[in-house]
Amino acid sequence: MPGIDKLPIEETLEDSPQTRSLLGVFEEDATAISNYMNQLYQAMHRIYDAQNELSAATHLTSKLLKEYEKQRFPLGGDDEVMSSTLQQFSKVIDELSSCHAVLSTQLADAMMFPITQFKERDLKEILTLKEVFQIASNDHDAAINRYSRLSKKRENDKVKYEVTEDVYTSRKKQHQTMMHYFCALNTLQYKKKIALLEPLLGYMQAQISFFKMGSENLNDQLEEFLTNIGTSVQNVRREMDSDVETMQQTIEDLEVASDPLYVPDPDPTKFPVNRNLTRKAGYLNARNKTGLVSSTWDRQFYFTQGGNLMSQARGDVAGGLAMDIDNCSVMAVDCEDRRYCFQITSFDGKKSSILQAESKKDHEEWICTINNISKQIYLSENPEEIAARVNQSALEAVTPSPSFQQRHESLRPAGQSRPLTARTSSSGSIGSEPTNLAALSLDSLVAPDTPIQFDIISPVCEDQPGQAKASGQGGRRTNPFGESGGGTKSETEDSILHQLFIVRFLGSMEVKSDDNPDVVYETMRQILAARAIHNIFRMTESHLLVSCDCLKLIDPQTQVTRLMFPLPSVVLYATHQENKRLFGFVLRTSGGRSESNLSSVCYIFESNNEGEKICDSVGLAKQIALHAELDLEEQSRLIAASSRPNQASSEGQFVVLSSSQSEESDLGEEGKKRESEA
């Protein structure tokens, strides 16, 4: 007989929505079988109960057998074979409906016993397993919910052990119950055939033995047909026994192999993180905001499909689009005191989602997978090989030194908070860099073993030399209601240029040169490589305000100024040559106690496809500031010539200009000298 579709026992532990949907089809089929077998049982029971109703009962049986082809079984893979076989039986039974003798004993043993056993034992077993599985599934969902609510900050070993043990027990119970339930549903397809054919075969054999003179009705052709049916039943039974033995062995093997997977957070040494994935699927908790400060977490099945992140609720036939993750950004976040949370932000920054993984392994694999998809590696022929090559290049680009932490601590002033740092080497390349960079020594751009700062040290809590002091403001909070406070205006309020951008701080490091854009590219390469080698995904999001006086990093929540960079100190700025979301600038500051000792620091940021716009805005601000400065000097010269010609200015302003701007400034100075001499 043709093969029967089976429930995959191997996928019971994953418990995906597709498996649940297929399970619903099998349960619907079991209900249809139960309804049909109850009707057939009642019809055969009438034959056994009363001799006077024998003719009517056989007629009803024949009628039901004819209606089998009209039944709509969801798993009717061999309906044609069964229909033709039952049609043949219905004809013979209709001919025997005129028989008036009842063989109660033979009918009880040969006809009623198989169908009664199927009805009372097999169908009730299915119903019992269904109820047990539903209870186990509900207990597992409740245990997972309690585990997801474990506090990250106020961690209690006893509570964590009890909740973890509860998850282990409930998951194991659900897995074992589900495997046995699947096995019973798969076996039901064989038992359905046997329960249909055996009672009919027993009934016909009883009639043959009772009617010694049955040659008129039971000819040789009919005996051959019955023999073939008996052989088919034995074949089905042997096939069922073999399949049951195989499924039982599969269950035993899966129980042994799946035991470590019942723990929600498995040992990372036994199950290492795969960072080269371009496809992943699994359950995640999604955060949904229900109010201004309230939110709910829904557990759904998520999977990647090309450059899309799909979500599918339990019971749904297909998944829906959750987010387009091409060119997106992903980072680990802290959210509502929950563990293993990460945030995905779309390429335009208009949509973001916060998700929670079940384990640390899933947490890192989801971040790496989405990061690989964001780079569109999945479009290549061998995406996993390319992802492995990219990650290996990042590993080879940086060689961390164990003595870096002590060396960096020695450079930090006393009382300063400890930012997250890493150390990089100055060798290697990223992307397709200019050909002149190959001839240029990288050591002349960035010194080897230069520490990298990944966190923003806000001047609210500490005073940074060359930045907070130069600004003279520190951590001033912007008034959200537009009031002036003490009646004074900020320096940027009088500026004619105000442009605001959303940026994420990647890192900063001291550089040796500030006159070549290659230093920005090299700094980008080292910071990105250091983030990859040290698994640093968290980034600080800020608002970058560009004005004619300075660049400000403002906290988007509190409106507090985190950092302020004087515009004259910004001597170089550039975007990445391939990834236009990356940009950086070099700030020239006083590196020590002496004002003459200058140092250069390169800051790298990621924006929402606005890197070139930000650089254009900074260039426009410097041009406006240059023209405003020249006009101010002209006015000061005229005033000084008319009132105090011999008195020098007590204050001066140092501005770093480009080559073209410096030439204009030199011409202006020569003109001043000639006028003063005249």
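This text follows the structure it describes.
Residues numbered from 1 in each chain as written. Predicted model: local features only at pLDDT ≥ 70, side-chain atom pairs only at ≥ 80, totals over all residues. Heavy atoms only, no water.

## A word on the pairing of strand β2 (residues 295-305)
Stage number 1. Here nine bridges tie strand β1 (residues 281-289) to β2, and the two strands are oriented antiparallel to one another. Note on β2: the bridge partner recorded for Lys289 is Ser295.
Stage number 2. As defined by bridge partners, β2 adjoins strand β3 (residues 308-312) across five bridges and the pair is classed as antiparallel. By the bridge assignment for β3, Phe303 is matched with Met310.
Stage number 3. Hairpin connection between β2 and β3: a loop of two residues separates the two successive antiparallel strands, and Gly306 in this loop has a positive phi of roughly 65°. (Pairing = 2+ DSSP bridges. Helix = DSSP H or I, 4+ residues; strand = E, 2+ residues; numbered from the N terminus.)

## A look at the pairing of β1
Stage number 1. Between β1 and the antiparallel strand that follows it, β2, lie five residues.
Stage number 2. Pairing analysis gives two bridges linking β1 to strand β7 (residues 352-356), with the strands arranged antiparallel. By the bridge assignment, Asn285 is partnered in β7 with Gln356.

## Quick look at helix α12 (residues 518-533)
Stage number 1. Over its 16 residues, α12 runs 22 Å from end to end, which matches the ideal 22 Å to within 8%, given 1.5 Å per residue.
Stage number 2. Burial analysis of α12 places 14 of its 16 residues in the buried class, the great majority of the element. (Expected span 1.5 Å × (residues − 1). Buried < 20%, exposed > 50% of the residue type's maximum accessible area, 1.4 Å probe, protein only.)

## Re the packing of helix α1 (residues 17-49) against helix α5 (residues 157-210)
Stage number 1. Interhelical geometry of α1 versus α5 gives an angle of 30° and a closest axis separation of 11 Å. By the angle class used here, α1 and α5 are roughly parallel. Crossing hand, α1 versus α5: left-handed. (Axes fitted to C-alpha atoms, helices over the stretch in contact; angles between N-to-C directions. Parallel < 35°, antiparallel > 145°, perpendicular 65-115°, else oblique. Left-handed = near helix turned anticlockwise from the far one by under 90°.)

## Side note on the pattern of salt bridges
Stage number 1. Applying the stated rule across the entire model yields 24 salt bridges.
Stage number 2. Residue Glu358 is joined to Arg171 by a salt bridge in which the shortest nitrogen-to-oxygen separation is 3.0 Å. With Glu358 in the loop between β7 and α7 (360-374) and Arg171 in helix α5, this residue pair connects regions lying 187 residues apart in the sequence.
Stage number 3. The exposure class of Glu358 is buried, given its relative accessible area of 18%.
Stage number 4. In this structure Arg171 comes out as buried when scored by relative accessible area, which is 10%.
Stage number 5. In this structure, Arg581 engages Glu606 in a salt bridge whose closest nitrogen and oxygen atoms are separated by 3.6 Å. In this pair, Arg581 is assigned in the loop between β14 (570-575) and β15 (582-590) and Glu606 in strand β16 (residues 598-607), connecting sequence segments 25 residues apart.
Stage number 6. Overall, Arg581 belongs to the buried group, its relative accessible area being 10%. (Salt bridge = Lys/Arg side-chain N within 4 Å of Asp/Glu carboxyl O.)

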